[in-house]
Amino acid sequence: MGRAAIAVAVAGAAVLAGCSVQAPDGDGKRRSPVHIELPGDTPPPARSPDGDGPGTASAAPPGDDKPSAAPVPPRVLWSRGHAGRDVRELQARLRQVAWLFDGPTGTYDESTERAVSGFQGKRGLPRTGRTDTVTWQRLQRMTREPGTWELYLMGGQPADPPDPRCTTGRVLCIDKTSRTLRWMIDGRTVSTMAVRFGSRGTPTREGVFSVYWKSRDHVSTLYDSPMPYAMFFSGGQAVHYSPDFAARGYAGASHGCVNVRDEGAIAQLYARVRDGDKVVVSW
């Protein structure tokens, strides 16, 4: 075999064995023409792109071991102690799904807190008793927009401006539109309370009347029902306390009388009203 053939065979064996043929070093001295890399040898450090030192561009970035941020809790809209129209709507909607049976009162009280907590637990939400955005959205999807008399089912609604006929003298000024009674003296409102009227079949009469008889512990001879603090103004129709109105609110109706649900308020009114005082019933 000639020298050329021997050189080719050696070079091929070197390539197959993971070897490389070395060129002369920078000092001009020739080294062994074959450099063999044995398994387990530490590879030389990689060169940086500019060839000035070990490269780091291909190294993996160190892992981020910082803990991930905790999820932001939903914003609380209302909680115990809040009051107003929005709380009334919350309570009215809770009544629609049978989680609340009292009110609406417009005040976020203990019973409202318990109702919200029960509603949350039933739907897998944190039982905080506070109404947050998630709880409110879930309740809205399950209920409908409450009407005026659902919001004021148990009273508490504002009174409309008084009828002009109420601005002089001592007057029981009764407004069917706002369902309120104002006790007025010489144009000044002394007290205001929610009232309920007769049904369509037995409506409360409208007009100007006067109190002609007071009966503290009256019982209806027609319906055999109690009419405490009765102040009669038109036939058998009177302003009086109604336990049914106190219990059911505007879900019921009278037989024509003007019902008051606040017993303390009508007791004070009864003590002040005299026979002959004017009564105005208007829309």
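About the cut-offs
- Residues numbered from 1 in each chain as written.
- Predicted model: local features only at pLDDT ≥ 70, side-chain atom pairs only at ≥ 80, totals over all residues.
- Heavy atoms only, no water.
- Axes fitted to C-alpha atoms, helices over the stretch in contact; angles between N-to-C directions.
- Helix = DSSP H or I, 4+ residues; strand = E, 2+ residues; numbered from the N terminus.
- Parallel < 35°, antiparallel > 145°, perpendicular 65-115°, else oblique.
- Left-handed = near helix turned anticlockwise from the far one by under 90°.
- Contact = heavy atoms within 4.5 Å.
- Nonpolar A, V, L, I, M, F, W, Y, C, P; charged D, E, K, R; others polar.
- Buried < 20%, exposed > 50% of the residue type's maximum accessible area, 1.4 Å probe, protein only.
- Pairing = 2+ DSSP bridges.
- pLDDT = per-residue confidence, 0-100.
- Polar contact = N/O pair within 3.5 Å; in protein donor to acceptor, adjacent residues only side chain to side chain.
- Disulfide = S-S within 2.5 Å.
- Core = buried A, V, L, I, M, F, W, Y, C linked by side-chain atoms within 4.5 Å.
- Expected span 1.5 Å × (residues − 1).
- Salt bridge = Lys/Arg side-chain N within 4 Å of Asp/Glu carboxyl O.
- Phe/Tyr/Trp six-rings, centres within 6.5 Å; stacked < 30°, edge-to-face > 60°.

Visitor: Honestly, the packing of helix H2 (residues 85-96) against helix H3 (residues 110-122) in this entry has me stumped. Any pointers?
Guide: Relative to each other, H2 and H3 sit at 55 degrees, their axes nearing to 11 Å. Classified by the angle their axes make, H2 and H3 are oblique. Like other packed secondary-structure pairs, H2 and H3 cross with a definite hand, here left-handed. Contacts from Leu 90, Gln 91 and Leu 94 of H2 reach H3 at Thr 112, Ala 115, Val 116 and Phe 119. In terms of residue class, the contact of H2 with H3 is built from 5 nonpolar, 2 polar and no charged.

Visitor: Sorry, what's going on with the pairing of strand E13 (residues 278-282) here?
Guide: Walk down a regular strand and you will see the side chains alternate between the two sheet faces. In terms of burial, E13 is largely enclosed, as 4 of its 5 residues are buried. Bridge count between strand E8 (residues 207-210) and E13: 4 bridges; the pairing is antiparallel. What sits directly across from Ser 210, in E13, is Lys 278.

Visitor: What is the right way to read the confidence of the model for the protein from this model?
Guide: Caution applies to low-pLDDT parts of the model: their predicted coordinates are not meant to be read in detail. Of the residues in the protein, 76% reach a pLDDT of 70 or more, and the chain-wide mean stands at 85. Long-range and interchain partners of residues 3-24, a stretch whose pLDDT sits below 50, account for 18 contacts in this model, where long-range means more than four residues apart.

Visitor: Quick question: what am I supposed to make of unusual backbone geometry here?
Guide: The phi angle of most residues is negative, glycine excepted, and most peptide bonds adopt the trans form. For the peptide bond that leads from Gly 103 to Pro 104, omega is 0 degrees, which places it in the cis range. Relative to the elements of secondary structure, Pro 104 occurs in the loop between H2 and H3. Within the chain, Ala 98 stands out as a residue other than glycine whose phi angle is a positive 60 degrees. Among the secondary structure elements, Ala 98 is positioned in the loop between H2 and H3.

Visitor: Sorry, what's going on with the side chain of Lys 176 here?
Guide: Counting through the fold element by element, Lys 176 comes out in the loop between strand E5 (170-175) and strand E6 (180-185). A polar contact is formed between the side chain of Lys 176 and the backbone oxygen of Thr 204, at a distance of 2.5 Å. Of note is the side chain of Lys 176, whose polar atom sits 3.2 Å from the side chain of Glu 206. Beyond its immediate sequence surroundings of up to four residues, Lys 176 is in contact with Phe 197, Thr 204, Glu 206, Val 281, Ser 282 and Trp 283.

Visitor: Is there a simple way to explain the state of the cysteines in this structure?
Guide: Among covalent bonds in proteins, the disulfide is the one between the sulfur atoms of two cysteines. Per the counting criterion, the structure on display carries 1 disulfide. In this model, Cys 166 is linked to Cys 173 through a disulfide, with the two sulfur atoms separated by 2.2 Å. Judged by the sign of its S-S torsion, about 80 degrees, the cystine formed by Cys 166 and Cys 173 is right-handed. The class for Cys 166 is buried, based on a relative accessible area of 0%.

Visitor: Help me understand the sheet that holds E13, please; the structure alone is not making it clear to me.
Guide: Taken together, the 9 strands give an open sheet; going across it, the order is E8-E13-E5-E6-E7-E12-E11-E10-E9, and neighbouring strands pair in mixed fashion. The open sheet has two free edges, formed respectively by E8 and strand E9 (213-219), since each of these has just one partner strand. The sheet shows a mean angle of 30 degrees between the axes of neighbouring strands, direction not considered. Sheet analysis places E9 next to strand E10 (residues 226-234), joined by 6 bridges and oriented antiparallel.

Visitor: Sorry if this is basic, but what is going on with the nonpolar core here?
Guide: Counting residues in hydrophobic clusters, the biggest one holds 22 residues, and the most contacted among them are Leu 172, Ile 174, Leu 181, Met 231, Val 239, Leu 269 and Val 279. Looking at this core, the elements that each hand over two or more residues are E5, E6, strand E7 (188-196), E10, strand E11 (237-241), strand E12 (258-260), helix H7 (263-272) and E13. Discounting chain neighbours no more than four positions away, the residues touching Val 279 are Leu 172, Ile 174, Gly 207, Val 208, Phe 209, Ser 210, Val 211 and Phe 233. Residues Leu 90, Leu 100, Ala 115 and Val 116 belong to the second largest nonpolar core, which totals 11 residues.

Visitor: Got a minute to help me understand H2 in this structure?
Guide: Residues that lie three or four places apart on an α-helix share one face, since the helix turns once every 3.6 residues. With 12 residues, H2 extends 17 Å between its outermost C-alpha atoms, agreeing within 8% with the 16 Å of an ideal straight helix rising 1.5 Å per residue. Among all positions in H2, only Val 87, Arg 88, Glu 89, Leu 90, Gln 91, Ala 92, Arg 93 and Leu 94 are buried. On its buried side, H2 packs onto strand E3 (76-78), H3, strand E4 (131-132), helix H4 (133-142) and helix H5 (148-151). One or two steps after H2, the chain reaches Ala 98, where phi turns positive at roughly 60 degrees.

Visitor: I tried to follow the pattern of salt bridges on my own but got confused; where do I start?
Guide: Think of it this way: side chains of opposite charge can pair up when their charged atoms draw near. Scanning the entire structure with this criterion turns up 13 salt bridges. Through salt bridges that share partners, Arg 80, Glu 110, Glu 113 and Arg 114 make up one connected network.

Visitor: Explain the packing of aromatic side chains here, please?
Guide: Describing an aromatic ring pair means giving the distance of the ring centres and the angle of the ring planes. The tally for this structure, following the rule as stated, stands at 7 aromatic pairs. Between Trp 78 and Trp 136, the aromatic rings sit 5.0 Å apart at their centres with planes inclined by 90 degrees, giving edge-to-face as the arrangement. Here Trp 78, found in strand E3, pairs with Trp 136, found in helix H4; they are 58 residues apart in sequence, far enough to count as distant. We classify Trp 136 as buried; its relative accessible area is 12%. Here a set of aromatic residues connected by ring pairs shows up, and it is made of Trp 149, Phe 245 and Tyr 250.

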